Every structure is written in structure tokens, then in C-alpha cells.
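# Results of the structural survey
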Amino acid sequence: MKSQDIRKAYLDFFKSKDHLIVPSAPIVLKDDPTLMFNNSGMAQFKEFFLGNGTPKSARIADTQKCLRVSGKHNDLEDVGFDTYHHTMFEMLGNWSFGDYFKKEALAWAWEFLTEVLKLDKDRLYVSVFEGNPAENVPFDQEAFDIWKQYVSEDRIILGNKKDNFWEMGDQGPCGPCSEIHIDLRSDAERAAVSGRDLVNADHPQVVEIWNNVFMEFNRKADGSLEKLPAQHVDTGMGFERLCMAMQNVTSNYDTDVFTPLIAKVSAITGLKYTNNEVKDISEEQNKINIAIRVIVDHVRAVAFAIADGQLPSNTGAGYVIRRILRRAIRYGFTFLGTKEPFINKLVEVLANQMGEFFPEIKSQQQLVTNVIREEEASFLRTLEQGLQLLDKVVAETSGKEVSGEKVFELYDTFGFPKDLTALILKEKGYSFNETEFENELQKQKARSRAASEVTTDDWKVLIDGNVETFVGYDQTENNVKITRIRKVDSKKDGVLYQIVLDATPFYPEGGGQVGDKGTLVSANEIIEIIDTKKENNLILHFAKQLPENVEAGFVAKVNTDLRTSTSKNHSATHLMHLALRNILGTHVEQKGSLVNPNYLRFDFSHFSKVTDEELRQVEALVNQQIEAQLQLQEYRNIPIQEALDKGAMALFGEKYGDTVRMIEFGDSKELCGGIHVKNTADIWHFKIISEGAVAAGIRRIEAITGDAVKAFYKNQENTLAEIKEVLKNPQDVIKSVASLQEDNAKLKKQIEQLIKEKAKNLKGELASQIQTINGVDFLAVQVDIDANGAKDLVYELGQNKDNLFLVLATVNDEKPMLTCYVSKELVDAKGLNAGQVVRELGKYIQGGGGGQAFFATAGGKNSAGVKEALEKAVDFVK
């Protein structure tokens, strides 16, 4: 049974059980500050489990793209070494929100596996929670009794809290779970050792395939449990593992989920992959297998993340994606001998394979390919730099053990992997101090943990029920009551309070737009709201203090100055998006945005630099729409299909409901939840400030509107006035500046000629000062020329000598520079190295540098040390 057929069979089965089939949410989470990525099937339904929202159906089923590479759920280091862990994986799930419970969930799980898929019942084992008296949670007798109807008791395993009690996090909904495991070993292996003894023992062929979680409790901040008002079912089945079971193989990588990708890697590299049935393979072949598994797993994670809108970067979720891709590149570089970008070539295979069910990977194929190719090329350059730096570290090492601190510096600063360093050092006959490396790594982790540590109290609910609404589209001020509060303490922000209001006018951060700021005003006090965010369908208002009387009535007042400036920038973003598509082409799609009161930032797909003329055209088109005084047409809560039929643009990587809000200004029509001006004339004027590249195929424009444009032109006017004054108020400023540039160019040529002549004169003078020491022609002296002149001079002096050791010192603008030249014959005969020389002598001028064995330079900041540096130079030839 092919993987596509298995996925379809699952969804069809639960559709027949009255489940609503919903699409996968994006793998990148943009509206959940507690998670970077969707790491489980239930992540997109958290608000329903918490009671902060109502699902469109009490029964839902889907297949969800998941990514587990950070935090509590982190499988990254296992990937490639075993046959069943992945970074990105699909989780088949069925959900009940206060509807059916254990009886139906377990019966349907058994029916699907044994009757629809016809898996061998004798290979299946189930587990139930054994209970935890310390937390007053009993043995799950109900699940145990249900399973006895389907399997013998010797196939029911009692699991502890680690294996059979599922928790969303340190706090929140949780409950016992019942897992289904399958034994895929041969009959002979099964006869020798019971599968029961291998459940949850990390055996590669005895694996969990389905987990039925029964949400019964809420974990409070103090660790205690309380019963949830409604009971829910949250299930997850590993799609890749199910395919392994259905296709009679013993590795996820031997299923048709991965075999097309593996075949492509083999075709590119010329290296064969051996499937899991082949035993007694060589150590070399095992390394090749691991590398190929890493690559085909990681390309899926990276490709889908980029398709959903997350570009590789140096921070946050973007850094995680970059780290996954670099791990794949490094395995290819080290074990497959790939020195050129090649992982990008797998995207086409992936798109053909999964594009039918996940159309985003097909529609974004070109962009994903380009971004991965650019990242590969960049990191391969970094690896080359790392090799050079490692050579330098080795050269500076006495003995055969390299400092672990130096290896960590390579890892931390340049992304040079520890195991690659170890491999290269081993080839050179060196090792490194692993204890020192681990100490540095732990220090860094401790700093990182300390910086991100957050303690969150339980909610104190003042008004029960889902009474919270948002009125900010129509009002910037409203009479409100506080419905719940909690304290949050973090190293980064200190103690803050999160306040939830019954009818807030404050817009929460989302869709690229920053959250509102403002005040809560009562008869006795004013509480400043410093930010507004959304979490699990609740709008959270952040304050540094709570009101004295939290049950009082308040007036919530949005800072309208900030709101107005932000709305101008948001509406201008929509107008610019339309203008870019008109000027550059309809391939332009939004890939990210930031809208705040000061400026707007817009990332979009485009495969070349936007020319100055194109930018002028975009600017002009936006300002035409502003001058046209286009009235806002807002459609709230209209069916998404109706909005699309009206021509609205839906953005890739965004999660839309059945009903949406559409914003229309003339021909600009977008699905958007943000705040906008009532008329484009309110924007006043639009000005592009910068345009540049973010990644391969992604450009970024920053622009301003309204008062910021007035300030921009005022600043330009002041700058022009200052230039005029400096130039003695000429009638034609441009002509005057051009004349200055011409004069400067002439003077520069004259200076260059004078320096060359000076160097020629110096050559003869210095040649007469050369001494012979131990058979080496030696000179160390300070000269009054610039660094470039010193370079030319040492090469001139070295042309006619094959045993010259020369150090010249120069000082320009109080910055000293040492230039060392060693004849190549001396490098070979005496082992002298100019790079080592300048590194040692550079210490006297409080600097450093490097270069080649025959020529190197070092810059510093202590010109007083030049004399001593020159005096010490002779030590190298004595």
C-alpha cells in the first residue's frame, strides 16, 4: 500500500465516523508565542482544550506537518542514526472536543489498524497508565477494561508517567494516554524474545505507532492537577512509522516516503544506500547510510518550513531552520564528499511526491530551491573558512591536543561542527580536549537558559466563561471589566502582569502588525499597557503593575497616535504589495512583514534586485492610490471562498478559518486582521527608504508614511543647507561637488605617484641596511609609508634575494601595522613562517593578523609597541 493511499485511508475512515477533515496547519507558528513550530497534531487546537474557543466541529481529523528540533520535544541528534526518528514528520490525528471518549477512540483505533489496514493482531501491543499515587492519579482501569475486549491481558502493558501520561507543557491540559506498539521483527526473533519485553525499550523494530491521549486534567503552576470541565480525546499516529508497518519494511527510510529522495541522493553522489535488510555492512557504508538519512530527512523539514514562510536566519525559528540545513550540508560534505550545493536538487522530487496533498510545496518549489541553494553555497564557504581557521589553531598548538575552548569558538562563532573538527584533527594526528569543549558548551547553555527563563502563574479567573471580545476595529476606547489576570516573571523582562479584558479595543500583535499600547483608567488610578499579544485565543494586555482593585470598572484607552501611525503603514503595505505585483509581475508574494508606528518592512519573492527606476514606479503607483482617496471597504466574517471569489489574496503560511476579514482599497484586496485607515488620503505620502536582499529570491523594502515622510524631507532639506554652507553657498551645488570630486581624483593620483617614488628611494636605502645573521639576510625597521606601500616595498626587496627575512613597521593615523616577508627558500629550508611571526610580534602592538608562510601582516592599536616588536624580530633568525 503506497503512502498516499495509507494517508487517504485514514482520513476516509474518520470521515465515515462523522469527523470533519481539516487541512494541516502551517509548520511554522505565527500566532502562538509559546511555540516556534507545530510540534504535534494538537498544537493548532490548544485554544479548544483550554476552553478559550469553540471548534467548528466536535469531531475533527487531519494529518499535520510537525517539526521537533527544539525545547522539550527534540529529536534532532537522533535523526539519521536510527531508522524511526525525524525532524519533520506527519502526524495523523483524530480529535474529540467534549464528544466521544475512551470507548470510541480505542475501538476505532483497533478497527482501523486491524480491519481496514489488516495489520497482524499478533504483532500489536497496547499500553495504559499505571497510575501515580503521589499525584493522586489512579490506574486507568477504564482503558484497561476496554482493551481486554480486543487483546489478551498479556498484551496490555502498564506504563509509567514518562510513557503514558501526556502533558502539553509544564502547565495546561494533560491526561493519561494509551499507546499502540507494533513488533516488526522476524518470526524467529519474536519467538526468541517477546515483543512485550521490548515495548518502550528503543528497539528499532518494536515501535509506537499510535497514541490516544485522554485530556482529563489541568496541570497548575504548583504542579497539582484539577479536573477539566470537559473530557477530550487527542490522538496522534506517526505516518512514517505506519507506512513502515504497512510496507513490510523495518526502517521508515525504506518506505516510499523516503526512497525517491534517497535514489536522487545516490544518483547525484554516485554512492549507494543499503536498506535495513542488509546486515554486516562496513563502517564506511554505515557512515554513508547515516549521512543520506540525515539529508533526506532534513530537506523535508527545511523545504516545508520555507514554503510556509520561515526563511533561514541567525535568530529564533529562522536559526533553527538554518541549523537543520547546515547539519545536512555538513554530513554531505564530510561523508559523501559533496563540495558543491546539491540538496536543493531534492526539492523537485519532494514537490512531485507530496505536492498533491500539500500544494504549498509545489507552488513554492522555485523559491524553496533557490533559498536552499544559496544557504548551501554560503555554508560551504563557511566550512572552507573553518578549515583555514582550524589549520591556524593547529599551527599554534604545542603538543598533539588542541584546546577545547578553541574548538568551541570555531563551533560557536563560525558554526563549525565539533565532530567534523574531531575528524579533521584525527587525520592530522591531533585530538582536542572534550572536557573543555563541554564546559564551554554548558556555560553557553546556562546563559541561554537564564536569559529565557520564564515563570508563569496560574490564571486567576474573575469572570467565568468565554466572555472576551475584540471591539478595536470600531473603537479605540471602551468601558471594560477584567476577566482574568496572571503574573509572569522572566529574566529578560522582569515581573509583568497579563490582563484579559471582556471587550478590548487593543489590537494584539499579529499579521506583522505590532500590538497596541495605551492605558486602563479607573476612578482612582491609571495602569499603563505596554504591549498586547494573543495566546490561545486570549488577548493579553501586558502591564508592569496590577490595579489596586481588579474588580473595578475601567476605561481601556488605546494610544491613538501610535495606532494612527501604524494603520497608515499597514494600509500602505497593502498598496505597495499591489504596486509590486503590477510593476514586477504576479510572481511577487508577501513573505513577511513588520508594521509599527515608525516604518513598514515588507519581504517578498523576486529573483533580482529591484532597480531604482522600478522603485520609483512602485512609489509613484502607491502615491497615486493615496491621492485617489480610495475609501476602505471592509468585509468582516465572510466565507473564505467568497473572499477569494472577490479576488482577495491569501498568503502562504497563514492559517485561515472558514470565515475571514477582507480589506479592500480599490484593486488592492487582501485577507487581513489588522488595523487600517478609513481612506488612503489619510496616509498622506509614501516613501521607500531602502531595498535589499534577505535570502535567495527574497527582497526586502523598508518605507515610511505620514509624519515620518515629513521628517525625512525636512532632514534632507537641512542636509542640503549644510552642504551648501560647507561649499560656500555656490549657485550650482551639483556642479560644485563634481568639481571637488575631479580635484580629489587628480590629487589622489599625484599622491600615489609620490608614494611610489618614495618607495623606490627607500628600496635602495633599506637594501644597504640588510644584515646577515646565521646565513639569513635580515632587516627589521620602521618606514614612513602606508601599508600598501610597505607591501610593494617588501616584494621589490625580495625579488633579488632568496634568503631574505624582512619586517617593516608602519604607523598611519596612530594605527600600527607590521608587514613580514620571508623568502620561499627560507620557508622550506628553515621552517620560518611569516604568519607565525606577525602573530607573535603583533602582541607588542596589541593586535594580531596572519597570512601565508612567505607574506603576512598584523594590525594593532599600540604604536608605542612598534620599537619592541622590531627588536624581537631578530629572535626568529638567531
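Before reading further, recall that the structure is shown in the block above.
Note on numbering: residues in each chain are counted from 1, in written sequence order. Per-residue local features are limited, in this predicted model, to residues with pLDDT of at least 70; the limit for side-chain atom pairs, both in listing and counting, is 80 or more; totals at the level of whole chains, interfaces and linings are taken over all residues. Computation of side-chain values covers all heavy atoms of the structure but excludes hydrogens and water.

### Overview of the overall build of the protein
- Along the protein, the regular secondary structure elements total 25 helices and 38 strands.
- Dimensions of the protein along its principal axes, counting C-alpha atoms only, are 105 × 80 × 55 Å.
- Among the 878 residues that make up the protein, the fraction classed as buried is 51%.
- Total accessible area on the protein stands at roughly 41100 Å², and carbon and sulfur atoms take up 46% of it. Working definition: helices are DSSP H or I runs of at least four residues, strands are E runs of at least two. Numbering for both runs from the N terminus. To sort residues, take the accessible area from a 1.4 Å probe on protein chains only and compare it with the maximum for the residue type: under 20% means buried, over 50% means exposed, and anything in between is partly exposed. Here the accessible surface of atoms and residues is derived via Shrake-Rupley with a 1.4 Å probe, and residues count as covered only by protein chains that are part of the display.

### Quick look at the nonpolar core
- Within this scheme, the nonpolar core is defined by two criteria: the residues are buried Ala, Val, Leu, Ile, Met, Phe, Trp, Tyr or Cys, and they are joined through side-chain atoms within 4.5 Å. Counting 119 residues, the largest nonpolar core has Phe112, Leu113, Leu242 and Ile343 as its most contacted members.
- In terms of residues, this core owes the most to one element, helix H9 (residues 283-307), which gives 15 residues.
- Within the second largest apolar cluster, 42 residues are counted, among which are Ile770, Ile773, Val866 and Ala873.

### Quick notes on helix H21 (residues 733-767)
- Helix length check: H21, at 35 residues, gives a terminal C-alpha distance of 51 Å against a target of 51 Å (1.5 Å per residue), a fit within 8%.
- Val733, Ser736, Ala759, Leu762 and Leu766 are the residues of H21 that are buried.
- In what follows, a contact means two residues having at least one pair of non-hydrogen atoms within 4.5 Å. Residues of H21 that are buried make contact with helix H20 (706-726), strand E34 (776-782), helix H22 (787-798) and strand E35 (804-812).
- Here a polar contact means two N or O atoms within 3.5 Å. Within protein one must be a hydrogen donor candidate and the other an acceptor candidate, and residues neighboring in sequence count only if both atoms are side-chain atoms. Two or three places before Ile734, at the opening of H21, Asp732 has a side-chain oxygen 3.2 Å from that residue's backbone nitrogen. A helix's residues, less one, multiplied by 1.5 Å, set its expected span.

### Brief notes about the packing of aromatic side chains
- Each Phe, Tyr or Trp ring (for Trp, its six-membered ring) is paired with any other whose centre lies within 6.5 Å, and the angle between the two planes then decides the class: stacked below 30 degrees, edge-to-face above 60, tilted in between. Inspection of the entire model under this criterion finds 38 aromatic pairs.
- The interplanar angle of 65° and the centroid separation of 6.1 Å between the aromatic rings of Phe432 and Phe437 together place this pair among those described as edge-to-face.
- Cluster of aromatic residues (ring-pair linked, three or more members): Tyr10, Phe13, Phe14, Tyr100, Trp108, Phe112 and Trp210.
- Both a distance and an angle decide whether a charge sits over a ring: NZ of Lys or CZ of Arg must be within 6 Å of the ring centre and within 35 degrees of the ring normal. Across the ring face of Tyr253, the terminal group of Arg293 is positioned such that the distance to the ring centre comes to 6.0 Å.
- The lysine or arginine in question, Lys710, covers the ring of Trp684, its NZ or CZ lying 5.0 Å from the ring centre.

### A short note on the side chain of Gln310
- Along the chain, the position of Gln310 falls in the loop between H9 and helix H10 (316-336).
- Take Gln310: its relative accessible area is 17%, and that puts it in the buried class.
- When neighbours within four sequence positions are excluded, Gln310 is seen to be in contact with Val28, Ala305, Ala317, Gly318 and Ile321.

### A few points about the packing of helix H17 (residues 560-584) against helix H18 (residues 612-627)
- Note on geometry: axes are lines fitted to C-alpha atoms, helical ones only across the stretch in contact, with angles between N-to-C directions running from 0 to 180 degrees. Axis separation between H17 and H18 bottoms out at 9 Å; the angle between their running directions is 135°. In this view, H17 runs oblique relative to H18, as classed from their interaxial angle. The two elements H17 and H18 cross, and the hand of that crossing is right-handed. Touching Leu575, Met576, Leu578, Ala579, Leu580, Asn582, Ile583 and Leu584 of H17 are Glu614, Gln617, Val618, Leu621, Val622, Gln625 and Ile626, all from H18. Any angle between 65 and 115 degrees counts as roughly perpendicular, while under 35 counts as roughly parallel, over 145 as roughly antiparallel, and the rest as oblique. Helix crossings get a hand from a simple test, with the near helix turned counterclockwise from the far one by less than a right angle marking a left-handed crossing and a clockwise turn marking a right-handed one.

### So, the sheet that holds E35
- Following DSSP output, two strands are said to pair if at least two bridges run between them. The six strands lie next to each other as E33-E34-E35-E36-E38-E37, forming an open sheet whose pairing is mixed. The open sheet has two edge strands with one neighbour each: strand E33 (771-773) and strand E37 (848-851). The sheet shows a mean angle of 20° between the axes of neighbouring strands, taken without regard to direction.
- In this structure, E37 lies alongside strand E38 (residues 855-859), joined through four bridges in antiparallel fashion.

### Digging into helix H3 (residues 102-116)
- The terminal C-alpha atoms of H3 lie 20 Å apart, and with 15 residues this matches the ideal 21 Å at 1.5 Å per residue to within 8%.
- Among the residues making up H3, those that are buried are Lys102, Ala105, Leu106, Ala107, Trp108, Ala109, Trp110, Phe112, Leu113 and Thr114.
- Positive phi appears at Lys118, one or two residues downstream of H3, with a value of about 60°.

### A short note on the pattern of salt bridges
- Note on definitions: salt bridges are taken to be side-chain nitrogens of Lys or Arg within 4 Å of carboxyl oxygens of Asp or Glu. Taken as a whole and judged by the stated rule, the model has 50 salt bridges.
- A salt bridge links Arg59 to Asp99; the nearest nitrogen and oxygen atoms lie 2.5 Å apart. Separated by 40 residues along the polypeptide, Arg59 in strand E2 (residues 59-67) and Asp99 in the loop between strand E5 (88-97) and H3 bring together distant segments of the chain.
- We classify Asp99 as partly exposed; its relative accessible area is 39%.
- Linking Glu438 and Lys418 is a salt bridge whose minimum nitrogen-to-oxygen distance equals 3.5 Å. Of the two residues, Glu438 is situated in helix H16 (residues 434-452) and Lys418 in helix H15 (residues 418-427); the sequence distance between them amounts to 20 residues.
- You can call Lys418 partly exposed: its relative accessible area is 28%.
- Each of Lys102, Asp140, Glu142, Glu216 and Lys227 takes part in a single network of salt bridges with overlapping partners.

### Some points on the sheet that holds strand E25 (residues 554-558)
- Read across the sheet, four strands follow the order E17-E25-E21-E22 without closing on themselves; strand pairing throughout is antiparallel. Where the open sheet ends on each side, the last strands, each with one partner, are strand E17 (477-480) and strand E22 (526-529). Looking at each pair of strands side by side, their axes are set apart by 20° on average, direction ignored.
- Relative to E25, E17 runs antiparallel, the two sharing four bridges. Bridging from a neighbouring strand, Val480 pairs with Phe554 of E25.

### Some details on the packing of helix H13 (residues 365-395) against helix H14 (residues 404-414)
- For the pair H13 and H14, the least separation of the axes is 11 Å and the interaxial angle reads 160°. Here H14 runs roughly antiparallel to H13, going by the angle between their axes. For the crossing formed where H13 meets H14, the hand is right-handed. For the pair H13 and H14, contact is made by Thr382, Gly386, Leu389, Leu390 and Val393 and by Lys406, Leu410 and Phe414, respectively.
- For the contact of H13 with H14, a count of residues per class yields five nonpolar, two polar and one charged. Under the convention adopted here, Pro, Cys and the residues Ala, Val, Leu, Ile, Met, Phe, Trp and Tyr are nonpolar, Asp, Glu, Lys and Arg are charged, and Gly plus all remaining residues are polar.

### What to know about unusual backbone geometry
- A positive phi angle, near 60°, is found at Lys118, a position not held by glycine.
- Positionally, Lys118 belongs in the loop between H3 and strand E6 (124-129).
- Positive phi, normally seen in glycine, also occurs at Gln629, with a value near 50°.
- Assignment of secondary structure puts Gln629 in the loop between H18 and strand E28 (633-639).

### Some thoughts on the environment of Arg155
- Relative to the assigned elements, Arg155 resides in the loop between helix H4 (141-147) and strand E7 (156-159).
- Through-space distance from the C-alpha of Arg155 to that of Thr719 is 82 Å; in sequence the pair is 564 residues apart.
- Not counting chain neighbours up to four residues away, the residues in contact with Arg155 comprise Lys121, Asp122, Arg123, Leu124, Tyr125, Val126 and Arg196.
- Here the side chain of Arg155 touches Asp122 through a polar contact of 2.8 Å, landing on its backbone oxygen.

### Concerning the pairing of E34
- Within E34, five of the seven residues are buried, leaving the element largely enclosed by the surrounding structure.
- Here E33 runs beside E34; their pairing, made up of three bridges, is antiparallel. Among the inter-strand pairings, Ile773 is bridged to a residue of E34, identified as Val776.
- Both E34 and E35 contribute to a ladder of six bridges, which runs parallel. Bridging across to E35, Gln782 finds its partner in Ala809.

### Points about the side chain of Thr274
- Examined against the element boundaries, Thr274 turns out to sit in the loop between helix H8 (259-269) and H9.
- A polar atom in the side chain of Thr274 sits 2.7 Å from the side chain of Asn289.
- Ignoring anything within four residues of it in the chain, the contact list for Thr274 reads Ile281, Gln285 and Asn289.

### What about the state of the cysteines?
- In this description, a disulfide is simply a cysteine sulfur pair whose atoms lie within 2.5 Å. Per the stated rule, a full pass over the model turns up zero disulfides.
- Residue Cys243 stays outside any disulfide, its sulfur separated by 15 Å from that of Cys66, the closest cysteine.

### Looking at the environment of Lys272
- Relative to the assigned elements, Lys272 resides in the loop between H8 and H9.
- In this structure the C-alpha to C-alpha distance between Lys272 and Ile262, which are ten residues apart in sequence, comes to 9.1 Å.
- Once you skip the residues sitting within four places of it in the chain, Lys272 turns out to touch Ser266, Gln285, Ile288 and Asn289.

### Some details on the pairing of strand E10 (residues 206-219)
- When you tally the buried positions in E10, you get 13 out of 14 residues, the bulk of the element.
- Here strand E9 (residues 172-183) pairs with E10 via ten bridges, running antiparallel. Residue Ile182 lies in a different strand from E10, and its bridge partner there is Val207.
- One ladder, built from nine bridges, connects E10 with strand E11 (residues 225-238); its direction is antiparallel. The residue bridging Asn212 from the neighbouring strand is Thr235, located in E11.
- Between the antiparallel neighbours E10 and E11 lie five residues, among them Gly223 with a positive phi of about 95°.

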